[in-house]
Protein chains: 2
Amino acid sequence: MRDLYHEELDSIGATLIEMTGLVASALDQATDALLNADLQTAEKVISGDEQVDALRESLDGRALDLLARQQPVAGDLRTIVTSLRMSADLERMGDLARHIAKVARLRYPESAVPAELHESIREMGRLGVELATKTGQIIEGLDVEAARNLDEEDDAVDQLHRQLFSALLQEDIGYPVETAIDVTLIGRYYERYADHAVSVARRLVFLVTGEN
Amino acid sequence: MRDLYHEELDSIGATLIEMTGLVASALDQATDALLNADLQTAEKVISGDEQVDALRESLDGRALDLLARQQPVAGDLRTIVTSLRMSADLERMGDLARHIAKVARLRYPESAVPAELHESIREMGRLGVELATKTGQIIEGLDVEAARNLDEEDDAVDQLHRQLFSALLQEDIGYPVETAIDVTLIGRYYERYADHAVSVARRLVFLVTGEN
């Protein structure tokens, strides 16, 4: 039978997994809101981010409480400290999805993204959601092997990010400055989101193995 | 006489203060590199960021070690956990200064920023350096009052950031897309840098008072 202490450790893991699900869903919806100029979905993402923030606050409170009351050492200490870092990354991923939704809201009823760039943004969104979802599975299964194998998705996001700049710079199209600003910021948000997802997965490797 | 434990806690504080100095200087130099198209200074900022990363790694190692060996409670526990968060913010500030220097390097021998926007960028840089420097003093003096009074600088950075977009959108100038991309990214880097500086200062309030 698990004691209360380990139940609380488990509950921290469960919260992290719940957060990955929420930020994956937030990015998925933010991408839809952006490309379909869907104000209602954008608003939902913007207000829904509170839930991620609340989970982070609750997780951090429980983790600090465990540190103070149980004075864990070695593996458990590493788990708790790493969980605090993961929750910071996940909260930031929620913020970035919210930022994307805010651009969608700002340009409504237009889409902030020109039609010919939709496919790239959709793919960046898909990869981001995939990274967040995999990260949840990685935490759930303490899957060090899978955590080490996220480079492909991460590289794909970086490549799409670079392609976005090349597309914006095509002189024959002559994008308006407003579009250049919006797409530059949006691209950056997706790229940072993917970075944080990979960072959460890498922290899992440290949590399990103690190797940086 | 201070015991070894408290000496180590003090050394963590000293490292945080050292980091604020390094990232302040990095931003100062990155701004110069950007506005004067100074390749040598840009390279210096880019390679110098390693030092910030190394300090963070050293600090985090010592903090985790203290957590494991000393099993601190209450105020000391809060100090250590908060220091880990501050070091993460400070490392990120170093990254952002490096990002700015990389844009400077990319556009050399031109400046990435059109002449008429230099003043805004210079002011964002000045405010960022001021925020980082004040944050160092705040940590040194455990100055809760000063930490609560950074809103003015932070608001000024946000306002300059918004003005930058308005300036880019002036139709009579018709900025090239490349300039719009560069200035959008640069503006974002300065804004995030200031956010992290304020975040470090706010964490100091928590460290001292336990209030969020």
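Residues numbered from 1 in each chain as written. Chains lettered and ligands numbered in written order. Predicted model: local features only at pLDDT ≥ 70, side-chain atom pairs only at ≥ 80, totals over all residues.

(A) Geometry of the interface of chain B and chain A. With 19 residues of chain B at the contact, the number on the chain A side is 19 residues. Those elements that provide at least two residues to the side of chain B that touches chain A are helix 2 (39-70), helix 3 (74-107), helix 6 (151-168) and helix 7 (177-209) of chain B. If you tally residues by element for the side of chain B that touches chain A, the top one is helix 7 of chain B, at 7 residues. Looking at the side of chain B that touches chain A, its residues break down into 15 nonpolar, 2 polar and 2 charged. (Contact = placed C-beta atoms within 7 Å. Helix = DSSP H or I, 4+ residues; strand = E, 2+ residues; numbered from the N terminus. Nonpolar A, V, L, I, M, F, W, Y, C, P; charged D, E, K, R; others polar.)

(B) Representation of helix 6 of chain B in the model. For helix 6 of chain B, spanning 18 residues, the distance from its first C-alpha to its last is 26 Å, which sits close to the expected 26 Å at 1.5 Å a residue. Listed in full, the buried residues belonging to helix 6 of chain B are Val157, Leu160, Leu164 and Leu168 of chain B. The buried residues of helix 6 of chain B occupy one face: seen down the axis, they fall within an arc of 65°. Of the exposed residues in helix 6 of chain B, the ones pointing more than 90 degrees away from its buried face are Asp151, Glu152, Asp155, Arg162 and Ser166 of chain B. In this structure, the buried residues of helix 6 of chain B make contact with helix 7 (177-209) of chain A together with helix 4 (118-141) and helix 7 of chain B. (Expected span 1.5 Å × (residues − 1). Buried ≥ 20, exposed ≤ 12 C-beta atoms within 10 Å, placed from the backbone. Arc of directions from axis to C-beta.)

(C) Looking closely at the relation of the copies chain B and chain A. Superposition record for chain B on chain A: RMSD 0.0 Å, screw rotation 180°, translation along axis 0.0 Å. Taken together, the rotation angle and the small translation identify this as a two-fold axis. It is Gln71 of chain B whose C-alpha, among those of chain B, lies nearest the rotation axis, at 2.7 Å. The residues that chain B uses at the interface reappear at the interface of chain A in 100% of cases, marking a shared surface. (Least-squares fit on C-alpha atoms with pLDDT ≥ 70 in both.)

(D) View of the packing of helix 4 of chain B against helix 7 of chain B. Residues and elements named next belong to chain B. Look at helix 4 against helix 7: their axes get within 9 Å of each other, and the N-to-C directions meet at 15°. Viewed along their axes, helix 4 and helix 7 adopt a mutual orientation that is roughly parallel. Seen along the crossing, helix 4 lies across helix 7 with a hand that is left-handed. Where helix 4 approaches helix 7, its residues Ile121, Met124, Gly125, Leu127, Gly128, Leu131, Ala132, Thr135, Ile138 and Ile139 are matched on the opposing element by Ile186, Tyr190, Tyr193, Ala194, Ala197, Val198, Val200, Ala201 and Leu204. Class assignment for the residues of the contact of helix 4 with helix 7 results in 16 nonpolar, 3 polar and no charged. (Axes fitted to C-alpha atoms, helices over the stretch in contact; angles between N-to-C directions. Parallel < 35°, antiparallel > 145°, perpendicular 65-115°, else oblique. Left-handed = near helix turned anticlockwise from the far one by under 90°.)

(E) Molecular detail of the nonpolar core. Formed by 132 residues in total, the largest nonpolar core has its most connected members in Val23, Ala97 and Ile186 of chain A together with Val23, Ala97 and Ile186 of chain B. In this structure Ala97 of chain A touches Val23, Ala26, Leu27, Ala30, Val45 and Tyr193 of chain A, once residues within four positions along its chain are discounted. (Core = buried A, V, L, I, M, F, W, Y, C linked by C-beta atoms within 7 Å.)

(F) Spotlight on the environment of Ala42 of chain A. Residue and element names in this part refer to chain A. Checked against the element boundaries, Ala42 lands in helix 2 (residues 39-70). Taking the C-beta count within 10 Å as the criterion, Ala42 has 26 such neighbours and is therefore assigned buried. In sequence terms Ala42 and Leu150 are 108 residues apart; their C-alpha atoms lie 28 Å from each other. In this view, Ala42 contacts Ala33, Ala101, Ala104 and Arg105; residues no more than four positions away in its chain are not counted.

(G) Geometry of unusual backbone geometry. The amide bond that connects Tyr108 of chain A to the next residue, Pro109 of chain A, takes the cis arrangement and shows omega of 5°. Secondary-structure assignment places Pro109 of chain A in the loop between helix 3 (74-107) and helix 4 (118-141). At Ala37 of chain B, a position not held by glycine, the phi torsion is positive, near 50°. Position of Ala37 of chain B among the secondary structure elements: in the loop between helix 1 (4-36) and helix 2. Not every positive phi belongs to a glycine, and Gln71 of chain B is a case in point at roughly 45°. Residue placement: Gln71 of chain B occurs in the loop between helix 2 and helix 3. Under the C-beta neighbour-count criterion, Gln71 of chain B is labelled partly exposed, with 16 such atoms within 10 Å.

(H) Spotlight on the packing of helix 6 (residues 151-168) of chain A against helix 7 of chain A. All names here are of chain A. Where helix 6 meets helix 7, the axes come as close as 10 Å, and the angle between the chain directions of the two elements is 170°. Taken together, helix 6 and helix 7 sit at an angle that is classed as roughly antiparallel. Counting all contacts with helix 6, which are made through Asp154, Val157, Asp158, His161, Leu164 and Leu168, the residues of helix 7 involved are Ala180, Val183, Gly187, Tyr190, Glu191, Ala194 and Val198. Of the residues assigned to the contact of helix 6 with helix 7, the class counts are 8 nonpolar, 2 polar and 3 charged.

(I) The arrangement of the environment of Val103 of chain B in detail. Residue and element names in this part refer to chain B. With respect to the helices and strands, Val103 occurs in helix 3. A sequence separation of 61 residues divides Val103 from Leu164, and the C-alpha atoms of the two residues are 17 Å apart. If we ignore the near neighbours within four places in the chain, the residues touching Val103 are Leu34, Ala112, Asp182, Leu185 and Ile186.

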